[in-house]
Structures are given as C-alpha cells and as structure tokens.
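Commentary on secondary and tertiary structure
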Amino acid sequence: MLKSLPTLFAAPTLLFLLAFASLARAETSSQVTNVFRAEKLEQIDQAIETAIAAKKLPGGVLWIEHNGVAYHKAYGNRAVIPEVEPMTEDTIFDAASLTKVIAATSAIMCLLDDGHIQLDDKVTKYIPAFGAHGKESVTLRQLLTHTSGLRPDISRDPLWSGYQTAIDHACDESLIHKPGTTFVYSDINFFILGDIARIAAQERLDHYVAERVFTPLGMVDTGYLPPESKMGRIAPTEKREGKVLRGIVHDPTARLMGGIAGHAGIFTTASDLARFCRMYLNNGELDGTRVFKSETVKQFTQVQTAPDQPSRRGFGWDIDSPYAGPRGKVFPVGSYGHSGWTGTSLWIDPFSKSFIIFLSNRNHPDESGNVIGLRSQIATLAAQAIIGFDFESVPGALERKAGNTNSPAVKPAKRHVLNGIDVLKRDRFAGLKDLRVGLVTNHTGTDYDRNQTIDLLKSAPDVKLVALFSPEHGIRGAFDEKVSDSIDTQTGLPIYSLYGERRSPTSEQLTNLDALVFDIQGIGCRFYTYISTMGNCLKAASTNHLKFIVLDRVDPIRGDQIEGPILKGEPNFTAFHTIPIRYGMTMGELAQMYAAESNIDVDLTIIKIEGWHREEWFDETGLPWTSPSPNMRNLSEAILYPGIGLLESALSVGRGTDTPFELLGAPYIHDTEFTAELNALELPGLRFVPIRFTPTASIHKNKECGGAYILVTDRNVARPVAATIGIASVLQRLYPLDFPVQKLETLLRDPETVTKLKESPEKYREIAAAWDTDLQEFSKRREKFLLY
C-alpha cells in the first residue's frame, strides 16, 4: 500500500499541472487577441497554407511579436523527401543571407564597440592583398552598405574549394563601380567582412559570434556547422547530386568555404531569432545582458547610404531597397530587416515595437518554390493585425522612395531632367550659332514640351538647318522596313534615309554643311540600331571634316547597369562596337568611346543632360515617353528588350501583338508546362504567366502560339540578358528538336555562350556568369567616358 502512495500523489499533481498549463495557454491566447486582430491572423494562416498547397514552399514557421506578446505557429512539412516530416516550431533552418546581419554585422558591431576597428578603415588595413586592381580605397563602411563597387559574387568556374581560396579570389576581383557611388548587393562584401572580423578578433568567426552574441542571448540553436545531434530538427533544402542538403549550408560559395562565412552558413530557429530581435528593440540589451552599445544599434539601423542613392541601407540591414519585400506595405520606412535565399526573413519595426520572423525552406526539394510575394503579404497582414498603433502617422518614419515592390515603383518626379535639346533651347542655341546643320533625328527628337527638334532648329536664329537624316523606322518612326529618301512636307528639307540603300551619309549629302547634329532617343541595347547610325555618322563627319554634335539623352533603362557578353567577331550594323548587350551609357558617352577607341579624328561636342542620375529609370526623370520604334511602346518592353530581343529570330517575341517583347512563344510550346519550368528558375525580378496568342507579324505569323507573358516584378534586380539564357535553357531542354538555339547567335554574338547552351542547358547560371570577366574589363574601359 505504501509503495503506491507516490502514484496516488502524482495523479492530482499531474492534473494540477495540466490545468495550470491550460490556464497559461488561455491567458496567452487572451493576450494575443488583445494585441492582434484575430481575422488578420487567420488571413496570415490562410495565406501560408495556400502557398503550401501551391507548392511554393513545403512548410514554415512564423513568429509575430508586438510589445512582448507573440503569435507563433508551424505550418506544413519540414521535409517531403525522402520521407515526409511535419514542421515543428523548433525546426532549425538554413538562414542563408540572414547570416549577414546575425553573424557578420554582429561581429563588426562588437569589434567596433571594443575599439578594435573603425568603419572608415580601409579593407587593406586587414587584408593587404585586397588592394589589387584598384580596390585600395574600399572601406568597411562601403562593404556594410553594399556600395563597395564589387559584383554580386565571385565566380565558381572553374570550381575551387577552401576558405582562403575564396578570399584570394575576392582580392583578385576588379570593381564594376566606383566605391561609394552605387548599391550592388554582394556576397563578396560580407565574406570579406567575416574575414576582417576573424583577423581583428584573432578568433574564428563562428567561435567569436557564439561567445559574444549567441550564448549571451540564449540562442541555443544558432550557429555554424550544426552538430549531428540536431540533424533531426534541421529543415533540409535542395537535392544536389542525388543527396538532400541537410545541416550543410545551401549557399554554394559558403559551402566551398567550409561552411563558415560572413554571408551565409548560420542555422537558427524562430525562437532564437525572436530573442535576437527583442535585443535590437531594446537597443542592444536583453534580460540584463548587454550585447551591443545602444548608440551602435541606432547607428547600424539608420540610413547610411548617400542621400542621392535610391536604395537606402543601414550597416548590414536593409531599410528601403529592392530587397525590402519583407517589410510589406504598412510597416514604416525606417524599420529594418533582411531576407535569405532559402526562404528566410526577419523585419524589425522600432516604431511600433514589433517584429516578424518567417522561416521556410522554400527550395526543398528543389528551387521551384518561391516566397517573395508571401513574405510581403505576411508583413502587410501582420501590421494590419496590430491593435492600437497608427501606422498612418509615424513620427520619425522616412518617406518611401526606393523602386521596389513595397514602395512606390518610381521616385516622385519633383523636377524633370533636361535632355540635350532642352539645354540647347534654354541657351538660345548658342552651341549651333552660325552653323549650317544637318540633323540626324526621328520622332523621338523632341524637347520636354514635345516640340520637334526639326522645328526648333528650323526656326532658331543664327542656325541654318540644311538637311535631315533618318535612321531605321524613318523620320517619324512609323516603318518596320527599309526607308527611301524623301522630302519633309513641313520644312521642305530633304530627308536622306540611313536605313535604305545606304547606312551612312554620302559626301555629296554633307556638302555645304558645317556640322552634323544627332538627336535620337536610344534604349540602352547594343542591337538597337540607332547607336550604329550614330557611329556611322560620326565617321562620316570625320571623313568630311565636319563638327559632330550630340544632343545627349538619358539611358531609359538606367546608366549604371551593364549586362551580357561583349561582342565577339567582326562588327556589323546590329553590333557596331565591342560593348556588351546592355552597356549603361548615354548616346554622348558612346560617341566619345567610339571616337577614342576607333581612332576617329573628329571635332566632337556633347550637349550634356542636366539633372539626371545614372541609377534613374526613364519614368523617374519626369520626361515624356515617346515610343522609340513601332514595337517599343513602353518602358517595360524596353527593360525586357535586351534579353527577349535575342530570341526574335528563333520564335515569336510578340511582334504583331499589342505587347511586343512582353510575350514569347511558338506553336510547339505547351504554355503551362513552359511557364512552370520558367518560374521554377526563380529568375530575379521576373514572373511568367501561361498565354496563347496569334502574332500577325514576324516569326510564326498568323499561327497560334503557346508561351509566356512576362511580368517585371522588380526591375531593379531583373537581369534580362541572363534571364534569357535561362529561358533558352528551358526551351532547349523541353523542345530540343523544335527550338533553333543557334539563332541566338544572330544578336548575341558570343559563339561560346551558344555552344555551352546547346551542350549543357542546365548550366545556364554558369554560362551567364562566364561573362563577368569581360564585363569587368569593359567597366574599366567605360569609366573614362562617363559624363554623369
């Protein structure tokens, strides 16, 4: 009887504990409903479950917290192969690029607090070899804000391995931008910062952040290289070479570095990150333990990029850039966060004392998952769920300005840019005084008020307009065929076609001229022939001893982005000079490059643009849009054209429809199959919608085509030329007997790319990455000719 007494006591004790736990849960549930609107939390649950059902992710863990009250939940499955495992809240995730703020930024903050480093230290103070190839001025500040001028990542072709090898490759990199001038998100920045932390701390990065940050905060499941004992709780990612990655970092560069790097490699849980976020909201302290100085937290989470930069970043942290999707549409600008490739994100709002964590393994079992839209949706609903905080009026919040999916798509055009013709007109045509002028122009040659340059020069005092020269599509931009010489009915002047029997002005046509003036709007693409017409006219001016004057115009698809292979082989009319497909230069800048690199002796003058910044899209300039050619009807088409245009001799790209270059297709394409494969590539800034259409012109004329409508979801990160290599890889893989891949060479002009695409279409990323070395060289050539 006595032996049974403990059991008799245990039963009521257990009942009491269960009742207490139930009461605690009820109290917690009551707190949640007092802080969050139940209907919005239900909408979040539904959004995540819907995304799981659509196979955008296998599962995830959510944590929303406001003023210390949390709503957290697990959804779906942790693994789907080789066996299904349900998701649990204690699942450990590959944090991917969250590593940048959790580990590398944390290490730099600790070292700054201890006085071991300064933000304006040059990288060469710690890594002397980094100064090679003009990088000696790059600072820690520029690495932390992604304004170092480095490209996004080092090449992995040929394949290498080893931590120090990665550092050596980074040291051997050349800059693609002048340091401090342009935001380019780069993994190189952060694995270099990780190495600087290792050197300054005299300790391995993983050990240092564990001792200084993770252990003091009680982040028991956070760190690099997770032990075997935790493997069962780790969410697997992609299946690679027949093996599912589990407990091994997904990022290929970090993996080659041994799993410990400043840009990727951390594994963590939602509950650990919640402690990390609480510490930030409490200015560097949690539960009496101070991790960072209060002023350091404030400094790192405030805007540190230059005021003229469209993307606003803190040190490590994103604030308002194209990557700020996890902020949603309600949380104020001035809140901050980060995201990771594997489907992870966190966002902290110091104004409302809230944060959101969403962890998923969207790339399990393959890369077909996508949570970009879901993260934004969750954040928007989470902010809407918070009771008692007015997000409409937040003292201290910043005005939204970056061109991303959660801020207005463009910066407000509070002023308009002055193109060359506007400057010439303002200055009363002083640059053409007493000159007999031949004008190379078309319908795009207008001032801000849409007055034609032809009419302005014809009526200008002290300027004698003698002749007109028209490019492809004619003087009014109306033809998609060769054009003959004619007479301008309004001025009575002769119009000499440069897209008919001849491509250059003849000496006879240039007789009695003092100058050729060029005023045509380009679109920033090598095979758009207006730049070739300019090059031919430049040569003709030199041969006939005329002045050549360019009325400069903005590059509508930004003047700071270059992309695609450099011209290989002999130049022709669709590949006039050794430049990449997307060259990031104005007409005036190109004219300077042509003249200098082709040894053309010409009296060249550029009437410069005023008020333009290279990182601006056309719709951020305040200038009116005029379709440069019959099939270039809007800015979206211009953005896509450098890539999609490459395909136009191989299949329909929408010529003969209302949306040329926003479509692609062919009779043999199964639209839903094709777009599913394209979306599985997760090409940055682009999504694809199944469509059937019948073009009335060009390839597959009057034939019903299956294909894709292309949505530009984030133009700042979209890379249309590289994306087209991905598109071509899908076409080659699905329809190898129908898709004439060799025809890409017509405009691509890089035989090696086409050969690799035919032989190994699955390596499309490596194929595009192989252009990087040539682009770095071009960037150096280009630098000396930039005017803005």
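Residues numbered from 1 in each chain as written. Predicted model: local features only at pLDDT ≥ 70, side-chain atom pairs only at ≥ 80, totals over all residues. Heavy atoms only, no water.

1. Concerning the overall build of the protein
A count of helical and extended segments in the protein gives 23 helices and 26 strands. Rg of the C-alpha trace for the protein: 29 Å, near the compact-globule value of 28 Å for 788 residues, within the 12% margin. Projected onto its principal axes, the C-alpha positions of the protein cover 125 × 60 × 50 Å. Burial statistics for the protein: of 788 residues in total, 59% are counted as buried. Sequence separation of at least 24 residues holds for 70% of the intrachain contacts in the protein that already meet a minimum separation of 6. Entry remark: accessible area of the protein is about 30500 Å², with carbon and sulfur atoms responsible for 53%. Averaging the locations of the 83 positively and 95 negatively charged side chains of the protein gives two centres separated by 1 Å. (Helix = DSSP H or I, 4+ residues; strand = E, 2+ residues; numbered from the N terminus. Rg over C-alpha atoms; globule rule 2.2 N^0.38 Å. Buried < 20%, exposed > 50% of the residue type's maximum accessible area, 1.4 Å probe, protein only. Contact = heavy atoms within 4.5 Å. Areas by Shrake-Rupley, 256 points an atom, 1.4 Å probe, with all protein chains shown as cover. Lys, Arg positive; Asp, Glu negative; His and termini not counted. Charge placed at Lys NZ, Arg CZ, Asp CG, Glu CD.)

2. Structural notes on the pattern of salt bridges
Following the criterion strictly, the structure yields 44 salt bridges and no others. The salt bridge involving E173 is made with R151; its shortest N-O contact spans 2.6 Å. With E173 in the loop between α5 (163-171) and α6 (187-201) and R151 in the loop between α4 (140-144) and α5, this residue pair connects regions lying 22 residues apart in the sequence. One exposure class covers both E173 and R151, and it is buried. (Salt bridge = Lys/Arg side-chain N within 4 Å of Asp/Glu carboxyl O.)

3. Section: the sheet that holds strand β24 (residues 663-666)
Strand pairing in a sheet takes place through backbone hydrogen bonds and is either antiparallel or parallel in direction. Ordered in space as β24-β26-β25, the 3 strands form an open sheet in which the pairing is antiparallel. The open sheet is flanked by β24 and β25 (686-693), the only strands paired with a single partner. The sheet shows a mean angle of 25° between the axes of neighbouring strands, taken without regard to direction. Pairing between β24 and strand β26 (residues 705-712): 4 bridges, direction antiparallel. Its bridge partner being in β26, G665 is matched across the sheet by G707. (Pairing = 2+ DSSP bridges. Axes fitted to C-alpha atoms, helices over the stretch in contact; angles between N-to-C directions.)

4. Examining the environment of Q43
Among the structural elements, Q43 can be located in helix α2 (residues 38-53). Under the relative-accessibility criterion, Q43 is labelled partly exposed at 31%. Note: C-alpha distance between Q43 and S649 (606 residues apart in sequence) is 47 Å.

5. So, the confidence of the model for the protein
Confidence along the protein averages 91 in pLDDT terms, with 94% of residues attaining 70 or more. Note that pLDDT drops below 50 for residues 1-27; the model gives that stretch 0 contacts with residues more than four away or on any other chain. Contacts of residues 402-414 to residues separated by more than four positions or lying in other chains number 45 contacts, the stretch itself having pLDDT below 50. (pLDDT = per-residue confidence, 0-100.)

6. Some points on the nonpolar core
Core analysis: the largest hydrophobic core is formed by 94 residues, its most contacted members being L516, M534, F548, L651, F674, I727 and F739. In this structure, F739 is in contact with L647, A650, L651, Y668, A728, L731, Q732 and L744, ignoring residues within four places of it in sequence. Ranked by size, the runner-up nonpolar core spans 82 residues in total, among them I108, A201, F276 and M279. (Core = buried A, V, L, I, M, F, W, Y, C linked by side-chain atoms within 4.5 Å.)

7. Concerning the packing of α2 against helix α11 (residues 372-385)
Running from N to C, α2 and α11 point in directions that differ by 170°, and their axes come no closer than 8 Å. If you check the angle between α2 and α11, you find them roughly antiparallel. Along the contact surface, α2 presents K40, L41, Q43, I44, A47, I48 and A51, while α11 presents L374, Q377, I378, L381, A382, Q384 and A385. (Parallel < 35°, antiparallel > 145°, perpendicular 65-115°, else oblique.)

8. Examining the side chain of E682
The residue E682 is located in the loop between α18 (671-680) and β25 in this model. The exposure class of E682 is buried, given its relative accessible area of 9%. Within the structure, E682 has its side chain in polar contact with the side chain of N370 (distance 3.4 Å). Dropping the residues within four chain positions of it, E682 is found in contact with W341, R362, E367, G369, N370 and I372. (Polar contact = N/O pair within 3.5 Å; in protein donor to acceptor, adjacent residues only side chain to side chain.)

9. Structural notes on the sheet that holds strand β17 (residues 486-487)
Strand order in the open sheet made by the 7 strands is β17-β18-β16-β15-β19-β20-β23, with mixed pairing throughout. The two strands at the open ends of the sheet, each matched to only one other strand, are β17 and β23 (603-607). Direction of pairing for strand β20 (residues 547-551) relative to β23: parallel, over a ladder of 5 bridges. When the bridges of β23 are listed, V550 appears paired with I606. Packing of helix α15 (residues 530-543) onto the sheet brings it into contact with β15 (435-441), β19 (515-519), β20 and β23, and relative to β20 it is tilted by some 155°. Where helix α16 (residues 587-597) meets the sheet, its contacts fall on β19, β20 and β23, and the angle it forms with β23 comes to roughly 160°.

10. Quick look at the pairing of β20
The buried fraction of β20 amounts to 4 of the 5 residues, a majority that puts the element mostly inside the structure. The pairing of β19 with β20 spans 4 bridges and is parallel. If you follow V517 over to β20, its bridge partner there is I549.

11. What about the packing of aromatic side chains?
A full pass over the atoms with the stated rule returns 21 aromatic pairs. A ring pair is formed by F276 and Y280, whose centres lie 5.3 Å apart and whose planes are at 55°; its orientation type is tilted. One end of the pair, F276, and the other, Y280, are both in helix α9 (residues 270-281), 4 residues apart, so they sit about a helical turn from each other. Connected via pairs of aromatic rings, a cluster forms that spans F276, Y280, F292, W317 and Y336. Positioned over the ring face of F130 is K135, at 5.0 Å from the centre of the ring. Sitting above the plane of the W341 ring, R362 keeps its charged end 4.8 Å from the centroid. (Phe/Tyr/Trp six-rings, centres within 6.5 Å; stacked < 30°, edge-to-face > 60°. Lys NZ or Arg CZ within 6 Å of the ring centre and 35° of its normal.)

12. A word on unusual backbone geometry
Glycine aside, residues mostly have negative phi, and peptide bonds are mostly found in the trans state. A cis amide bond, omega -5°, links I81 with the succeeding residue P82. Following the sequence through the fold, P82 ends up in the loop between β2 (69-79) and β3 (85-86). A cis amide bond, omega 5°, links H364 with the succeeding residue P365. Examined against the element boundaries, P365 turns out to sit in the loop between β14 (354-360) and α11.

13. Some remarks on helix α21 (residues 751-759)
Among all positions of α21, only T753, V754 and L757 are buried. The buried side chains of α21 occupy one side of the element, clustering within an arc of 95° when seen end-on. Seen from the buried face of α21, the exposed residues on the opposite side, beyond 90 degrees, are E752 and E759. Summarising the contacts, the buried residues of α21 are in contact with α19 (720-734), α20 (745-748) and α22 (764-769). (Arc of directions from axis to C-beta.)

14. Structural notes on helix α7 (residues 205-217)
Relative to the 18 Å expected for 13 residues at 1.5 Å per residue, α7 spans 17 Å between its end C-alpha atoms, a close match to the ideal helical length. On its buried face, α7 sits against α3 (99-113), α6, α9 and β8 (285-286). Once α7 ends, the next one or two residues include G218, with phi positive near 75°. (Expected span 1.5 Å × (residues − 1).)

15. Section: the packing of α18 against α19
Interhelical geometry of α18 versus α19 gives an angle of 135° and a closest axis separation of 10 Å. Here α19 runs oblique to α18, going by the angle between their axes. Considering the relative orientation of α18 and α19, their crossing is right-handed. Contact residues: E673, F674, E677 and L678 in α18; I727, V730, L731, R733 and L734 in α19. (Left-handed = near helix turned anticlockwise from the far one by under 90°.)

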